[in-house]
Amino acid sequence: MRHSVFLTLSMLGVVTLSACEQSGDAAVARAMQDVNVVDETNLNDVMLTVADPNEAVAYFQRASANDPGRIDLMRGLGLSLVRAGRAPEGVVAWKAVVDHAESNDGDRVELAGALIRDNQWDRAEEVLNAIPPTYETYDRYRLEAMVADSNEDWTRADSFYETAVGLTTTPGGVLNNWGYSKLTRGDFDGAERLFTDALRHDPQMFTAKNNLVLARGAQRQYDLPVIPMSQVERAQLLYTLALTAVKQNDITIAKGLLREAIDTHPQHFEAAVRSLRALEDNVTN
């Protein structure tokens, strides 16, 4: 009898130990799965921010093939394709995301952005119009402003740009876009103010510096604005001013600006040298 009880207890101990081992293995597996998810999330973030765009595309293509239907990987692929300048493929990727059961209005905004990069303005407008007006984000209104610009609907464009500026803590980029919109309309004063404001928020944005010089040159203001600039940037901005002067037939001023650009640049400024030679040869002929 004792042997029977002992055997029973022993068997119970083995079963209990086995159950404990299985429970422990499951807990370890769950913990490792959680770690893997965290590691994968971090890797996804790295791929979307600092990785080479084409490397990111390859990564998300592999990941999506291994785990089809995961919307976070599909989004990563769409973002990477757009970053890599592969807009037509980006449109296809974002269309697949939008068709997914777990998609949201943010995905539709991304699709509209990809369509704009692919020069499909009418389709982008249709996508944006289908998004409820209650969905108010910086990206949505930035794209709405660009579409309104393409339609030359300046009143709507200004309204959307103003709204977008109020929805971000880093408005330099959208202020630059708004200024360029004003520049294309011939509102040079308004453009100059917006480019200056963009540089107040982002003093390193060379595109805004160049656009500011274009706006001033269009008003025949051929002196450089007082803004932070490197020696190379100064030479490039002088070159931009010179080309603006040429377009307005201020040839003497243009030649002086080109000479100053050549003297200012720390290396050989081939583009400015060619332009100066062309002007001088034209005058001689």
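Bear in mind the structure is a predicted one, so any value in this text is a computation, not a measurement.

About the thresholds
- Residues numbered from 1 in each chain as written.
- Predicted model: local features only at pLDDT ≥ 70, side-chain atom pairs only at ≥ 80, totals over all residues.
- Heavy atoms only, no water.
- Helix = DSSP H or I, 4+ residues; strand = E, 2+ residues; numbered from the N terminus.
- Buried < 20%, exposed > 50% of the residue type's maximum accessible area, 1.4 Å probe, protein only.
- Contact = heavy atoms within 4.5 Å.
- Areas by Shrake-Rupley, 256 points an atom, 1.4 Å probe, with all protein chains shown as cover.
- Salt bridge = Lys/Arg side-chain N within 4 Å of Asp/Glu carboxyl O.
- Phe/Tyr/Trp six-rings, centres within 6.5 Å; stacked < 30°, edge-to-face > 60°.
- Axes fitted to C-alpha atoms, helices over the stretch in contact; angles between N-to-C directions.
- Parallel < 35°, antiparallel > 145°, perpendicular 65-115°, else oblique.
- Left-handed = near helix turned anticlockwise from the far one by under 90°.
- Nonpolar A, V, L, I, M, F, W, Y, C, P; charged D, E, K, R; others polar.
- Core = buried A, V, L, I, M, F, W, Y, C linked by side-chain atoms within 4.5 Å.
- Expected span 1.5 Å × (residues − 1).
- pLDDT = per-residue confidence, 0-100.

Brief notes about the overall build of the protein chain
Part 1: What the protein chain contains, in helices and strands, is 14 helices and zero strands.
Part 2: Along the protein chain, from the amino end to the carboxyl end, the secondary structure elements read α-α-α-α-α-α-α-α-α-α-α-α-α-α.
Part 3: Taken across its 285 residues, the protein chain has 38% of its residues classed as buried.
Part 4: Contacts in the protein chain between residues far apart in sequence, at least 24 positions, make up 48% of those at least 6 positions apart.
Part 5: Of the accessible surface of the protein chain, which amounts to about 16,300 Å², a share of 54% is contributed by carbon and sulfur atoms.

Digging into the pattern of salt bridges
Part 1: Enumeration according to the criterion identifies 20 salt bridges in this entry.
Part 2: Asp 67 serves as the salt-bridge partner of Arg 70, at 3.4 Å between the closest nitrogen and oxygen.
Part 3: Looking at Arg 70, the relative accessible area reads 25%, which means it is partly exposed.
Part 4: The class for Asp 67 is partly exposed, based on a relative accessible area of 32%.
Part 5: Its salt-bridge partner being Lys 209, residue Glu 233 comes within 2.9 Å of it at the nearest N-O pair. With Glu 233 in helix H12 (residues 231-247) and Lys 209 in helix H11 (residues 206-218), this pair connects stretches of sequence that are 24 residues apart.
Part 6: Its relative accessible area of 14% is what places Glu 233 among the buried residues.
Part 7: Salt bridges linked by common partners bring Asp 158, Lys 182, Arg 185 and Asp 187 together as one network.

Details of the packing of aromatic side chains
Part 1: On inspection of all chains with the given rule, the structure shows four aromatic pairs.
Part 2: The interplanar angle of 75 degrees and the centroid separation of 4.9 Å between the aromatic rings of Tyr 59 and Phe 60 together place this pair among those described as edge-to-face.
Part 3: The buried category is assigned to Phe 60, whose relative accessible area is 1%.

Regarding the side chain of His 100
Part 1: Along the chain, the position of His 100 falls in the loop between helix H4 (87-98) and helix H5 (105-117).
Part 2: Apart from the residues within four sequence positions on either side, His 100 is in contact with Gly 69, Ile 71 and Met 74.

Notes on the packing of helix H8 (residues 154-165) against helix H9 (residues 172-185)
Part 1: Direction vectors running N to C along H8 and H9 enclose 160 degrees, while the axes themselves pass 10 Å from each other. With respect to H9, the element H8 is oriented roughly antiparallel. As for the relative orientation of H8 and H9, their crossing is left-handed in sense. Of the residues in H9, those touching H8 at Trp 154, Ala 157, Asp 158, Tyr 161, Glu 162, Ala 164 and Val 165 are Val 174, Leu 175, Asn 177, Trp 178, Ser 181, Lys 182 and Arg 185.
Part 2: Of the residues contributing to the contact of H8 with H9, the split by class is eight nonpolar, two polar and four charged.

With respect to the nonpolar core
Part 1: In this structure, Tyr 161, Phe 195 and Leu 199 are the most contacted members of the largest nonpolar core, which totals 21 residues.
Part 2: Not counting residues within four places of it along the chain, the set of residues in contact with Tyr 161 comprises Ala 145, Met 146, Asp 149, Val 174, Asn 177, Trp 178 and Ser 181.

Observations concerning H12
Part 1: For H12, which comprises 17 residues, the first-to-last C-alpha distance of 25 Å matches the rise-based estimate of 24 Å (1.5 Å per residue) to within 8%.
Part 2: The complete set of buried residues in H12 reads Glu 233, Ala 235, Leu 237, Leu 238, Tyr 239, Thr 240, Leu 241, Ala 242, Thr 244 and Ala 245.

Thoughts on the confidence of the model for the protein chain
Where the model shows low pLDDT, its predicted coordinates should not be examined in detail.
Part 1: Confidence in the prediction for the protein chain averages 88 pLDDT; 84% of positions are at 70 or higher.
Part 2: Counting interchain partners and residues more than four positions distant, the pLDDT-below-50 stretch residues 1-21 has zero contacts.
Part 3: This model gives residues 27-38 a pLDDT under 50, and the stretch forms zero contacts once residues within four places in sequence are excluded.

Quick look at unusual backbone geometry
Part 1: The residue Arg 220 is not glycine, and still its phi comes out positive at about 60 degrees.
Part 2: For Arg 220, the location among the structural elements is in the loop between H11 and H12.
Part 3: By relative accessible area, Arg 220 is classed as partly exposed at 48%.
Part 4: We note that Asn 249 has phi near 65 degrees; this positive angle belongs to a residue other than glycine.
Part 5: Tracing the sequence through the fold places Asn 249 in the loop between H12 and helix H13 (251-264).

Some details on the environment of Ala 272
Part 1: Summarising the element assignment, Ala 272 is placed in helix H14 (residues 270-284).
Part 2: Taking the C-alpha atoms as reference points, Ala 272 and Leu 243, separated by 29 residues in sequence, lie 9.5 Å from one another.
Part 3: Residues in contact with Ala 272, not counting those within four places in the same chain, are Tyr 239, Leu 258 and Ile 262.

Regarding the packing of helix H3 (residues 71-83) against H5
Part 1: Close contact between H3 and H5 brings their axes to 11 Å; oriented N to C, the two are set at 25 degrees. Classified by the angle their axes make, H3 and H5 are roughly parallel. The two elements H3 and H5 meet at a crossing, and its hand is left-handed. For the pair formed by H3 and H5, the contact residues are Ile 71, Arg 75, Leu 79 and Val 82 on the first element and Asp 107, Glu 110, Ala 114 and Arg 117 on the second.
Part 2: Looking at the contact of H3 with H5 residue by residue, the classes come out as four nonpolar, no polar and four charged.

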